[in-house]
Amino acid sequence: HRSIDQDPLRMLRAIRYVSTLDGFRLDALLLSDISLKKYQINRTPGERIKMEMDHILLAPRRDHGMRTLYESGLLVTLFPELRGLEILGQGEYHHLNALSHTLLTVEKISWAMGWCSSNHHDIPLTPELTLSVSYAALFHDLGKQETHQVDERGKVHFYHHETFSCRAAEGIMDRLRFSRAMRDQILRLIQYHMRIPNLSRETKDSALKRLVNQVGDETPLLVLLTLADKEASRGILAVPRDDVVEGHCLRILEFYGEKD
């Protein structure tokens, strides 16, 4: 118990062990203690927090780590910008509230990589690229709480939420001392994350090629984020759109390969 008081980062390190060590579980008393003392983490320098978060997001069992991070209360303490997503419903494109959807999107990046490989498009990721797409998934919907609207037919909209998400993500990344290169890459992914899902079935190849030219080297990462986001959305309106999004993703990867 005193060790947390001496260095609050130990709370985050304990959760890193959940992510990295097979079968490792936090003792119930320790989990309770972390929940009780979670606000002490704010005494820790941002770069130390970022280092532990990086370890969690790169770990083989990162899904367990992220869930423990949320259950302990540390996630929304580290990222208070996520708090408003906990109770935010999202309409018929989604089956989860906005925060549960966000955590599932982070989880589904591994699925997206497997899907691309099974469709003959391997996307090799360095640790830095893995972190960029993972943080982009964690931050991509931050702006939904500011842009939530319900129209006269009761339909939910989040117009231009990606711009608000970028603004909130920039604040987090400044706080945690992200490198400029990673910060810029993550912001581009967030800014573009609705581009592929918003394309219609009739979208022509010329428009897809323009998108590849616009997004440039981030194209494979954007495809992974799009697929993970799609897979974490299981509302009644989302499922019929799956084949359209997947088809566009494959064509975009083909055009990106030709561009290379």
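On a predicted model such as this, the values are computed, not experimentally measured, just so you know.

Engineer: Tell me about the overall build of the chain, and name the residues and values.
Structural biologist: Looking only at helices and strands, one finds 15 helices and two strands in the chain. Taking as baseline every contact in the chain between residues at least 6 positions apart, the subset at least 24 positions apart corresponds to 76%. For the chain, the accessible area works out to roughly 12500 Å², and carbon and sulfur atoms hold 52% of it.

Engineer: Help me get a handle on the pattern of salt bridges, residues and values and all.
Structural biologist: The full count for this structure, using the stated rule, is 21 salt bridges. Between Arg48 and Asp7 there is a salt bridge, with the nearest N and O atoms lying 3.0 Å from each other. In this pair, Arg48 is assigned in helix α4 (residues 46-58) and Asp7 in the loop between α1 (2-6) and α2 (9-20), connecting sequence segments 41 residues apart. By relative accessible area, which is 29% here, Arg48 ends up partly exposed. Residue classification places Asp7 among the buried positions, given a relative accessible area of 14%.

Engineer: How would you sum up the confidence of the model for the chain? Please name residues and give values.
Structural biologist: Per-chain confidence: the chain averages 89 in pLDDT, with 88% of residues scoring 70 or above. Of all helices and strands in the chain, the one with the weakest mean pLDDT is strand β2 (residues 156-157) (55), whereas helix α9 (residues 127-139) scores best (98).

Engineer: Let's hear about empty space enclosed by the protein: which residues, and what values?
Structural biologist: On inspection of all chains with the given rule, the structure shows one cavity of 30 Å³ or more. For the largest cavity, the calculated volume is near 40 Å³. Lining the largest cavity we find Arg62, Asp63, Met66, Arg67, Leu103, Val106 and Glu107. Looking at the lining of the largest cavity, the elements that each hand over two or more residues are α5 (62-71) and α7 (98-107). With four residues, α5 is the largest single contributor of residues to the lining of the largest cavity. Split into classes, the residues belonging to the lining of the largest cavity amount to three nonpolar, no polar and four charged.

Engineer: I'd like to hear about the state of the cysteines, residue by residue, with values.
Structural biologist: Counted according to the given criterion, the structure contains zero disulfides. No disulfide involves Cys116; its nearest neighbouring cysteine sulfur is the one of Cys249, lying 7.1 Å away.

Engineer: Which residues make up the environment of Thr102, and what values go with them?
Structural biologist: Topologically, Thr102 is positioned in helix α7. Linking Thr102 and Phe139, residues 37 residues apart in sequence, is a C-alpha distance of 7.8 Å. If near-sequence neighbours (up to four positions away) are discounted, Thr102 is found in contact with Leu82, Leu85, Ala137, Leu138, His140 and Asp141. Only 2.9 Å separates the side chain of Thr102 from the backbone oxygen of Ala98, close enough to count as a polar contact.

Engineer: Outline helix α14 (residues 219-231), supporting the account with residue identities and numerical values.
Structural biologist: Taking 1.5 Å per residue, 13 residues should reach 18 Å; α14 reaches 18 Å between its end C-alpha atoms and fits that length. α14 sits mainly inside the fold: 13 of its 13 residues count as buried.

Engineer: Explain unusual backbone geometry to me, and be specific about the residues and the numbers.
Structural biologist: With a phi close to 65°, His120 is a non-glycine residue in the positive phi region. Look at Arg177: it is not a glycine, yet its phi comes out positive at around 60°. Within the element layout of this structure, Arg177 appears in the loop between α11 (161-175) and α12 (180-192).

Engineer: Pulling in residues and values, what's your account of the layout of surface pockets?
Structural biologist: Empty space left among the atoms is revealed by rolling a probe the size of a water molecule over them. Taken as a whole, the second largest pocket spans an internal volume of roughly 190 Å³. Considering the residues around the second largest pocket, the lining is formed by 13 residues, among which Asp122, Ile123, Pro124, Pro220 and Tyr256 are closest to the centre. If you list the elements that add at least two residues to the lining of the second largest pocket, you get α14 and α15 (242-259). Ranked by residue count, the leading element in the lining of the second largest pocket is α15, at three residues. Within the lining of the second largest pocket, the residues separate by chemical class into eight nonpolar, three polar and two charged.

Engineer: Residue-level account of the nonpolar core, with values.
Structural biologist: Counting 72 residues, the largest nonpolar core has Met53, Met66, Leu69, Phe79, Leu82, Phe139 and Ile186 as the members making the most contacts within it. Residues within four places of Leu69 in sequence aside, it is in contact with Leu12, Ile15, Met53, Leu74, Leu75 and Leu78.

Engineer: How would you sum up the packing of aromatic side chains? Please name residues and give values.
Structural biologist: For the coordinates displayed, the defined rule picks out four aromatic pairs. An angle of 75° between the planes, with centres 6.1 Å apart, marks the rings of Tyr17 and Phe24 as edge-to-face. By relative accessible area, which is 35% here, Tyr17 ends up partly exposed. In this structure Phe24 comes out as partly exposed when scored by relative accessible area, which is 29%. Through successive ring pairs, a cluster of aromatic residues spans Phe79, Tyr135, Phe139 and Phe178. Here Lys50 stacks its cationic end above the ring of Phe178, 4.8 Å away from the centre of that ring. Its end group placed over the ring of Phe164, Arg167 keeps NZ or CZ at 5.0 Å from the ring centre.

Thresholds applied
- Residues numbered from 1 in each chain as written.
- Predicted model: local features only at pLDDT ≥ 70, side-chain atom pairs only at ≥ 80, totals over all residues.
- Heavy atoms only, no water.
- Helix = DSSP H or I, 4+ residues; strand = E, 2+ residues; numbered from the N terminus.
- Contact = heavy atoms within 4.5 Å.
- Areas by Shrake-Rupley, 256 points an atom, 1.4 Å probe, with all protein chains shown as cover.
- Salt bridge = Lys/Arg side-chain N within 4 Å of Asp/Glu carboxyl O.
- Buried < 20%, exposed > 50% of the residue type's maximum accessible area, 1.4 Å probe, protein only.
- pLDDT = per-residue confidence, 0-100.
- 1 Å grid on protein atoms, 1.4 Å probe; cavity = no way out; pocket = protein on both sides within 12 Å on 5 of 7 lines; lining within 4 Å.
- Points joined across faces, edges and corners; volume = space filled by probe spheres on them.
- Nonpolar A, V, L, I, M, F, W, Y, C, P; charged D, E, K, R; others polar.
- Disulfide = S-S within 2.5 Å.
- Polar contact = N/O pair within 3.5 Å; in protein donor to acceptor, adjacent residues only side chain to side chain.
- Expected span 1.5 Å × (residues − 1).
- Core = buried A, V, L, I, M, F, W, Y, C linked by side-chain atoms within 4.5 Å.
- Phe/Tyr/Trp six-rings, centres within 6.5 Å; stacked < 30°, edge-to-face > 60°.
- Lys NZ or Arg CZ within 6 Å of the ring centre and 35° of its normal.

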